[in-house]
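Descriptive structure summary
Chain by chain, the residues:
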Amino acid sequence: MKTFFDLFKRRPKKTQKNDPAMQMLLRSVAMTNEKELTCDEVFALLDQFAEMVKRGEDAAGFMPLVQKHLTMCPDCREEYETLLRILDGPAE
Ligand SMILES: [Zn+2]
């Protein structure tokens, strides 16, 4: 059975970093200290954030505003937790 989550998992992850739009977004987020992110902005970065966490990288240090938003926003936190579960692979 094909699910929404299968699509997520099969998405190539390496190429995503070379996406110019993503690069720009990451740069702007990394350089902005005071601004609060909207849910849309957090959502756009969330899979990268989750992957960094899974790789043991300093996701919170690299994207502090995402981290901060996740502590305040239950909606985005739920999405984030879903992503972590996807990255863990299928529960069998
Ligand atoms: Zn949010």
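The coordinates are above.
Small disclaimer: the values here were computed from a predicted structure and weren't measured.

When helices and strands are counted, the chain shows six helices and zero strands. If you list the helices and strands of the chain from N to C, you get α-α-α-α-α-α. Pairs at least 24 residues apart make up 65% of the contacts formed inside the chain by residues separated by at least 6 positions.

Positionally, Leu26 belongs in helix α2 (residues 20-31). Leu26 gets classed as partly exposed once you count the C-beta atoms within 10 Å, which come to 17. Between the alpha carbons of Leu26 and Gln48 there is a distance of 9.6 Å; along the sequence they are 22 residues apart.

In this structure, Leu37, Val42, Leu45, Leu46, Phe49, Ala50, Met63, Val66, Leu70, Cys76, Tyr80 and Leu83 together form the largest nonpolar core, which totals 12 residues. When residues of this core are traced back to their parent elements, those giving at least two are α3 (39-54), α5 (64-72) and α6 (74-87). No other element matches the five residues that α3 contributes to this core. Apart from the residues lying within four places of it in its own chain, the contact partners of Leu46 are Cys76, Glu79, Tyr80 and Leu83.

The terminal C-alpha atoms of α3, which comprises 16 residues, lie 21 Å apart, in line with the 22 Å expected from a rise of 1.5 Å per residue. Of all the bends in α3, the greatest, near 45°, is centred on Leu46. The set of residues buried in α3 consists of Val42, Leu45, Leu46, Gln48, Phe49 and Ala50. Positive phi appears at Gly56, one or two residues downstream of α3, with a value of about 80°.

Once that is clear, we can look at the packing of α3 against α6. Between α3 and α6, whose axes approach to 9 Å, the crossing angle comes to 35°. Crossing of α3 over α6 shows right-handed handedness. For the pair α3 and α6, contact is made by Cys39, Val42, Phe43, Leu46, Asp47, Ala50, Glu51 and Lys54 and by Asp75, Cys76, Glu79, Tyr80, Leu83, Leu84 and Leu87, respectively. Counted by class, the contact of α3 with α6 contains 10 nonpolar, no polar and five charged residues.

Turning to α5, its buried residues are Val66, His69 and Leu70. Viewed end-on, α5 has its buried residues packed into an arc of 100°, placing them on one side of the element. Facing away from the buried side of α5, by more than 90 degrees, are the exposed residues Thr71 and Met72. Those residues of α5 that are buried are in contact with α3 and α6.

About the cut-offs
Residues numbered from 1 in each chain as written. Predicted model: local features only at pLDDT ≥ 70, side-chain atom pairs only at ≥ 80, totals over all residues. Helix = DSSP H or I, 4+ residues; strand = E, 2+ residues; numbered from the N terminus. Contact = placed C-beta atoms within 7 Å. Buried ≥ 20, exposed ≤ 12 C-beta atoms within 10 Å, placed from the backbone. Core = buried A, V, L, I, M, F, W, Y, C linked by C-beta atoms within 7 Å. Expected span 1.5 Å × (residues − 1). Bend = angle between axes of the 7 residues up to and from the residue. Axes fitted to C-alpha atoms, helices over the stretch in contact; angles between N-to-C directions. Left-handed = near helix turned anticlockwise from the far one by under 90°. Nonpolar A, V, L, I, M, F, W, Y, C, P; charged D, E, K, R; others polar. Arc of directions from axis to C-beta.

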